[in-house]
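Structure assessment
As a plain string of letters, each chain reads:
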Amino acid sequence: MQEEPRSGGPSVVWAGPPDAPAVIVLDPAGVGRHGDLPGTWRPLTEYLQVMWCRLPAADEPWHEVDEVLSEFADREVPVHLVAGAAAGAGVGELIRRHQDLISSAQTFAAPVPLGHPEVVLEVLRELLAQDVDSETPDAAERPVNGSPPESGSLLGDAASALRRSVGRLFERLKDG
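Residues numbered from 1 in each chain as written. Predicted model: local features only at pLDDT ≥ 70, side-chain atom pairs only at ≥ 80, totals over all residues. Heavy atoms only, no water.

What follows concerns the overall build of the chain. Scanning the chain from terminus to terminus reveals four helices and five strands. Expressed as a percentage of the 176 residues in the chain, the buried residues total 41%. Surface accessibility of the chain: about 9,600 Å² in total, with carbon and sulfur atoms responsible for 51%. (Helix = DSSP H or I, 4+ residues; strand = E, 2+ residues; numbered from the N terminus. Buried < 20%, exposed > 50% of the residue type's maximum accessible area, 1.4 Å probe, protein only. Areas by Shrake-Rupley, 256 points an atom, 1.4 Å probe, with all protein chains shown as cover.)

Turning to its location among the elements, leucine 69 is positioned in helix H1 (residues 61-70). Sequence separation between leucine 69 and isoleucine 102 is 33 residues; the distance between their C-alpha atoms is 8.5 Å.

Moving on, we come to the sheet that holds strand S5 (residues 102-108). Reading across from one edge, S1-S3-S2-S4-S5 is the order of the five strands in this open sheet, with mixed pairing throughout. Pairing within the sheet leaves two strands with one partner each, and these edge strands are strand S1 (12-15) and S5. For this sheet the average axis-to-axis angle between neighbouring strands, irrespective of direction, equals 15°. In terms of strand pairing, S1 meets strand S3 (residues 49-54) through four bridges, oriented antiparallel. Counterpart to tryptophan 14 in the pairing with S3 is methionine 51. Strands in contact with helix H3 (residues 117-129) are strand S2 (22-27), strand S4 (79-84) and S5; relative to S5, the strand with the most contacts, it is inclined by about 150°. (Pairing = 2+ DSSP bridges. Axes fitted to C-alpha atoms, helices over the stretch in contact; angles between N-to-C directions. Contact = heavy atoms within 4.5 Å.)

Moving on, we come to the confidence of the model for the chain. Taken as a whole, the chain shows an average pLDDT of 79; of its residues, 71% reach a score of 70 or greater. Segment residues 132-152: pLDDT under 50, and 31 contacts once partners within four positions in sequence are set aside and those in other chains are kept. (pLDDT = per-residue confidence, 0-100.)

Attention now goes to the pattern of salt bridges. Under the defined criterion, the tally for this structure stands at three salt bridges. Residue arginine 75 is joined to glutamate 71 by a salt bridge in which the shortest nitrogen-to-oxygen separation is 3.6 Å. Among the residues examined, glutamate 71 registers a relative accessible area of 46% and is labelled partly exposed. When the shortest N-O distance is used, the salt bridge between arginine 125 and glutamate 122 registers 2.9 Å. Highlighted residues: arginine 125 and glutamate 122, both in helix H3, separated by three residues, approximately one helical turn. Judged by its relative accessible area of 44%, arginine 125 falls in the partly exposed class. (Salt bridge = Lys/Arg side-chain N within 4 Å of Asp/Glu carboxyl O.)

Looking now at H1. Here H1 has its buried residues at Val65, Val68 and Leu69. Viewed along the axis of H1, the buried residues span an arc of 95°, placing them on a single side of the element. Next to the buried residues of H1 lie S1, S2, S3, S4, helix H2 (90-97) and S5. (Arc of directions from axis to C-beta.)

This brings us to unusual backbone geometry. Despite not being glycine, glutamate 76 has its phi angle at roughly 55°, a positive value. Tracing the backbone shows glutamate 76 in the loop between H1 and S4.

Let us look at the packing of aromatic side chains. Considering all chains together, one arrives at one aromatic pair under this definition. Between tryptophan 41 and tryptophan 52, the ring centres sit 5.7 Å apart and the planes meet at 75°, which makes this aromatic pair edge-to-face. Of this pair, tryptophan 41 sits in the loop between S2 and S3 while tryptophan 52 sits in strand S3, placing them 11 residues apart in sequence. Pair check on accessibility: tryptophan 41 and tryptophan 52 agree, each one buried. Sitting above the plane of the phenylalanine 72 ring, arginine 75 keeps its charged end 4.8 Å from the centroid. (Phe/Tyr/Trp six-rings, centres within 6.5 Å; stacked < 30°, edge-to-face > 60°. Lys NZ or Arg CZ within 6 Å of the ring centre and 35° of its normal.)

If you want it as structure tokens, here you go:
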């Protein structure tokens, strides 16, 4: 039996430094109703901005997402969009409206929730493949695609933090 979307709680949950690359998550299931990001995303917020848009919690979700994206118009940071496939055609329309702002987009189909560790890892893989590095915002200065991130890369640091966090989780589960 499928769980009903969660409409209570805040419509947007945000964490991370305002000058870091941004990941906007469009969640049609409404995870995060208690005002926190899912635990799998929290280690990334030391290095990335994560804005979790809980679509069922907003009266006009697409208008609210437009407002969230407009916050990045003058920030000159890469914006990566992540969406649950259940968000539907609104995602494509959103990308068209903000094509000058959104650097890349990924969608994930159910039954895997957007807070699942595999989703977070796949998003990081995509961002690392793009060589998004806050210390070299000019695309001409970025390393060639496919090369590993530099040691000072925010995304490389975020990936390391996620690996440590997931490693600790696995150790706790193993220890029972």
